[in-house]
Amino acid sequence: MAAVETLTARERGSTFPPSRVAGPLMRVLDIFRSSWTIRVLTLAVILTGWEVFGRRTSTVTFASATRTRDALWEMTVSGDLWKAWRADLAIMFTALAISAVAGVLLGFLLGRYRSIDTTVEPVFVGVFMTPKIALLPIIALWLGYQFSAKVLVVVLFSFFEVFFTVRDGIKVTNAEYVDVARSYSIPEGMILTKIVAPATAPYIITGLRLGLLHGMVGVVLAGFFLEANGIGGLISNQTNEFRMHTTFAAMLTVMAVGVAINLSLRLLERWVTPWSIKETV
């Protein structure tokens, strides 16, 4: 029996030399385990499927990846994309600045003082749960169809994400630290700046990221339903003319701006709150 087991082991060893096969095989497996390899392969599969499906579908309802690429280049060279984004960037950053300041300040206030939060929370929740599109006719009646109305639409989409994230982050801040500080008679202002603010910094960054990304939705919808300019108006007009290749090209720029904003805020989070990144690894 021992001789048979030894022979079997020798046969296996001669068939699969570990030194010659296992090393290269593990290196290949490590390559495919890489997150970037998986992302590149996934993107390649999506682009291939997009191109194949686009070539077999009517150009009235769909556009292939190559036609979309050509349209993106033409619109970039002609300046149409910059003209569309120029107005929307001013609207977006104005609205997001308002949402960030108001959301962080009110989030701090209602997160620290539960009595105020209990009093006004139903109002915030009621407005938050109301579909924003339902408010567009009222906004258009009050402010018209141009800059001010679009800013308000984007604020409605972005403010609540910042506010609720910051408020809930302050509520879950470790109360033991605050109690210890109060036992040493540390002023409330110092507690906010030295204890609460650093502890809630990750929530603030997360709220800003969510507010920016939801604000992008408001920017596009404002172009659909208010003055038909900007990137939303460009997408709407090109779709109405059945120019799907230019529609897809404009949509790709929306995706690119959203990804760029998300990555920028993640880098900011790593710089401002490196300890939170280490805790989640």
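A brief report on the enclosed structure follows. (Residues numbered from 1 in each chain as written. Predicted model: local features only at pLDDT ≥ 70, side-chain atom pairs only at ≥ 80, totals over all residues. Heavy atoms only, no water.)

## Observations concerning the environment of Thr76
With respect to the element layout, Thr76 can be found in helix 4 (residues 65-78). Placed 173 residues apart in sequence, Thr76 and Ala249 show a C-alpha to C-alpha distance of 9.8 Å. (Helix = DSSP H or I, 4+ residues; strand = E, 2+ residues; numbered from the N terminus.)

## Concerning the side chain of Glu51
Turning to its location among the elements, Glu51 is positioned in helix 3 (residues 35-55). A distance of 3.1 Å separates the side chain of Glu51 from the backbone nitrogen of Ala65, its partner in a polar contact. With near-sequence residues (within four places) excluded, Glu51 lies in contact with Ser64, Ala65 and Thr66. (Polar contact = N/O pair within 3.5 Å; in protein donor to acceptor, adjacent residues only side chain to side chain. Contact = heavy atoms within 4.5 Å.)

## A closer look at the side chain of Asp88
Position of Asp88 relative to the elements: it lies in helix 5 (residues 80-112). Of the side chains with opposite charge, Lys150 comes closest to the buried, unpaired Asp88, at an N-O distance of 4.8 Å. For Asp88, the side chain forms a polar contact with the main-chain nitrogen of Ile231, separated by 2.6 Å. For Asp88, the residues in contact, after removing those within four places along its chain, are Val219, Gly230, Ile231 and Gly232. (Buried < 20%, exposed > 50% of the residue type's maximum accessible area, 1.4 Å probe, protein only. Lys, Arg positive; Asp, Glu negative; His and termini not counted. Salt bridge = Lys/Arg side-chain N within 4 Å of Asp/Glu carboxyl O.)

## Let's talk about the nonpolar core
Phe124, Val153, Ile231, Leu234 and Val254 are the most contacted members of the largest nonpolar core, which totals 40 residues. Elements supplying a minimum of two residues to this core: helix 4, helix 5, helix 7 (132-143), helix 8 (147-171), helix 10 (188-225), helix 11 (230-240) and helix 12 (244-272). Counting residues in each nonpolar core, the second largest holds ten residues, with Val104, Ala181, Ile191 and Val196 among its members. (Core = buried A, V, L, I, M, F, W, Y, C linked by side-chain atoms within 4.5 Å.)

## Let's talk about the packing of helix 5 against helix 11
Where helix 5 contacts helix 11, the two axes come as close as 6 Å, and the packing angle between them is 135 degrees. With respect to each other, helix 5 and helix 11 are oriented oblique. Facing helix 5, whose interface residues are Leu81, Ala84, Trp85 and Asp88, helix 11 presents Gly230, Ile231, Gly232 and Leu234. The class makeup of the residues in the contact of helix 5 with helix 11 is five nonpolar, two polar and one charged. (Axes fitted to C-alpha atoms, helices over the stretch in contact; angles between N-to-C directions. Parallel < 35°, antiparallel > 145°, perpendicular 65-115°, else oblique. Nonpolar A, V, L, I, M, F, W, Y, C, P; charged D, E, K, R; others polar.)

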